[in-house]
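As a plain string of letters, each chain reads:
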Amino acid sequence: MMFKNSIKLLCANFDKVWKLLVFHILCYALCFGFLCVFYNLYTDSLILAWQNSKLTEVFKTGTFYGFTVSNVLAGIVNAIFFFFQSIFTQNIFAGIYFCLIMFYLLPFLTNIGKYVTNEMMYGFMSSAQKQSFTGTLLRTLRKSCQFSAIKSLYSIPFNALIVFSIIGLAKIQNNIFDYVLPLALVIIPSILFAFKQTFSAGWSPAMIVFDVNVCKGYRLASRAILRRGARVFSTAFVIFLLAIVLSLILGIYAIIIILPIAFPLVDIFEMTAFFSSQGMRFYVDYDTILSPKKLEEVDKIEKAKYIL
């Protein structure tokens, strides 16, 4: 039901897909501008890594026709290792600088976009209002920066776990496992992404709905979301599973087609999950108001003391 309602809300608010896409393009452009300080070093290292790992022909088709998945995955992992080894060997400051930009500044900026999107969705879901992206961004900048700064740090261990799981899959060299690898490459990251999403899905919605700070927002969100933890986890798993499968099928074209839709869909899902977990009524489109069951209708007696 959460998935269906998230899709309905996405269709009713498809303008937010384009607004968030423009914001993300600006974020990537800004980070690219910062990286231009060491432009020659990064581009030379990237080209060498790409050529040495023989990835030129891999992404011509999304299904990796003519290549085994294990070879492709091993090639990508080797290219990444070669790239970081190259930049850190030539200039350790440039390596640290690259990591700060790509692993903190970029998530920091995109999380601001997440908060703004959730704020706009709150206006629509609560009273069917449309808000401008720029106006909402400026109005919520202080709280969105606070949320983004903490959320970006919070996500690092989860992201590292996902990366290490993919590296671990790439290191397994076994002819029999090659038949299982495509399935593992889809399911394991989907489970880890869904696990990460379950523990942070209601964070910014709680801050927006209750107008509280970052710490209190996380506490309120955890209490609300974990009441329906299994349902939130399963819905998040389906969303990420579909995104990964379509990415493997479409290959490089997934960047153009899937990502602009996936990001706002995940943001909308967070709001849907929080509203549903709180038993709050909300618009799914201009003509339909959904009334989830109240907390006291779905909670067990021993959980009644946690009602917000």
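In this text, all values refer to a predicted model and were calculated from it rather than measured experimentally.

A separate point is the overall build of the protein. Across its full length, the protein holds 14 helices and two strands. Once local pairs closer than 6 in sequence are excluded, the contacts in the protein between residues at least 24 apart make up 74%. Surface summary for the protein: the accessible area is close to 16,100 Å², and the carbon and sulfur share equals 70%.

If you check the backbone angles, Ala128 has positive phi at about 55° while not being a glycine. Checked against the element boundaries, Ala128 lands in the loop between helix H5 (92–127) and helix H6 (133–139). Classification of Ala128 as buried rests on a relative accessible area of 19%. One non-glycine residue with positive phi stands out, namely Asp211, at about 55°. The topology assignment puts Asp211 in the loop between helix H9 (203–210) and helix H10 (214–225).

Turning our eyes to something else, we now look at the pattern of salt bridges. Counted by the stated rule, this structure contains six salt bridges. Ionic pairing is found between Lys130 and Asp15, a salt bridge with its closest N-O pair at 3.1 Å. With a gap of 115 residues between them, Lys130 in the loop between H5 and H6 and Asp15 in helix H2 (residues 15–35) connect regions that are remote in the sequence. Taking relative accessible area as the criterion, Asp15 reaches 27% and is therefore assigned partly exposed. The closest approach of N and O atoms between Lys114 and Glu270, which form a salt bridge, is 3.0 Å. Of this pair, Lys114 sits in helix H5 while Glu270 sits in helix H13 (residues 259–278), and the two are 156 residues apart along the sequence. Overall, the relative accessible area of 11% leaves Lys114 in the buried class. Here the residues in one salt-bridge network are Asp15, Lys19 and Lys130, joined through shared partners.

This part takes up the side chain of Asn5. Within the secondary structure, Asn5 sits in helix H1 (residues 2–12). Take Asn5: its relative accessible area is 3%, and that puts it in the buried class. If we skip the residues at most four places from it in the chain, Asn5 touches Thr272, Phe282, Val284 and Leu290.

Glancing now at H9. Within H9, seven of the eight residues are buried, which leaves the element mostly enclosed by the surrounding structure. The set of residues buried in H9 consists of Trp203, Ser204, Pro205, Ala206, Met207, Ile208 and Val209. Within two residues after H9, Asp211 carries a phi angle of roughly 55°, on the positive side.

Time to look at the packing of aromatic side chains. Evaluation of the coordinates by the stated rule reveals 26 aromatic pairs. Between Phe38 and Tyr42, the ring centres sit 6.0 Å apart and the planes meet at 65°, which makes this aromatic pair edge-to-face. Taken together, a centroid distance of 6.0 Å and an interplanar angle of 65° make the contact between Phe38 and Phe93 edge-to-face. In this pair, Phe38 is assigned in the loop between H2 and helix H3 (39–52) and Phe93 in helix H5, connecting sequence segments 55 residues apart. Given a relative accessible area of 52%, Phe93 falls into the exposed group. Chaining the aromatic ring pairs together yields one cluster made of Phe38, Tyr42, Phe83, Phe84, Phe93, Tyr97, Phe98 and Phe103.

What follows deals with the pairing of strand E1 (residues 282–285). Bridging between E1 and strand E2 (residues 288–290) involves three bridges; their strand directions are antiparallel. Along E2, the bridge assignment pairs Asp285 with Thr288. Here E1 folds back onto E2, and the loop between the two strands holds two residues.

Turning our attention to helix H7 (residues 141–171). Taking 1.5 Å of rise per residue, the 31 residues of H7 would be expected to cover 45 Å, and the 43 Å separating its terminal C-alpha atoms lies within 8% of that figure. Residue Ile156 marks the point of greatest curvature in H7, where the axis turns by about 35°; the proline Pro157 follows within four residues.

As a further point, take the nonpolar core. Judged by nonpolar contacts, the single largest core of 31 residues is most densely connected at Leu9, Met125, Val232 and Phe269. Among the secondary structure elements, those contributing two or more residues to this core are H1, H5, H9, H10, helix H11 (229–250), H13 and E1. When residues of this core are assigned to their parent elements, the largest contribution, eight residues, is made by H13. Among residues more than four places away in sequence, those in contact with Met125 are Leu9, Met271, Thr272, Phe275, Arg281, Phe282 and Tyr283. In terms of nonpolar packing, the next biggest core, distinct from the first, is built from 24 residues, Cys31, Leu35, Ile101 and Ile112 among them.

Put simply, the protein has an average pLDDT of 86, and 87% of its residues get 70 or more. When pLDDT is averaged over each helix and strand of the protein, the minimum, 52, is found for helix H14 (residues 295–298) and the maximum, 95, for H5. Note that pLDDT drops below 50 for residues 304–308; the model gives that stretch 13 contacts with residues more than four away or on any other chain.

Rules of the game
- Residues numbered from 1 in each chain as written.
- Predicted model: local features only at pLDDT ≥ 70, side-chain atom pairs only at ≥ 80, totals over all residues.
- Heavy atoms only, no water.
- Helix = DSSP H or I, 4+ residues; strand = E, 2+ residues; numbered from the N terminus.
- Contact = heavy atoms within 4.5 Å.
- Areas by Shrake-Rupley, 256 points an atom, 1.4 Å probe, with all protein chains shown as cover.
- Buried < 20%, exposed > 50% of the residue type's maximum accessible area, 1.4 Å probe, protein only.
- Salt bridge = Lys/Arg side-chain N within 4 Å of Asp/Glu carboxyl O.
- Phe/Tyr/Trp six-rings, centres within 6.5 Å; stacked < 30°, edge-to-face > 60°.
- Pairing = 2+ DSSP bridges.
- Expected span 1.5 Å × (residues − 1).
- Bend = angle between axes of the 7 residues up to and from the residue.
- Core = buried A, V, L, I, M, F, W, Y, C linked by side-chain atoms within 4.5 Å.
- pLDDT = per-residue confidence, 0-100.

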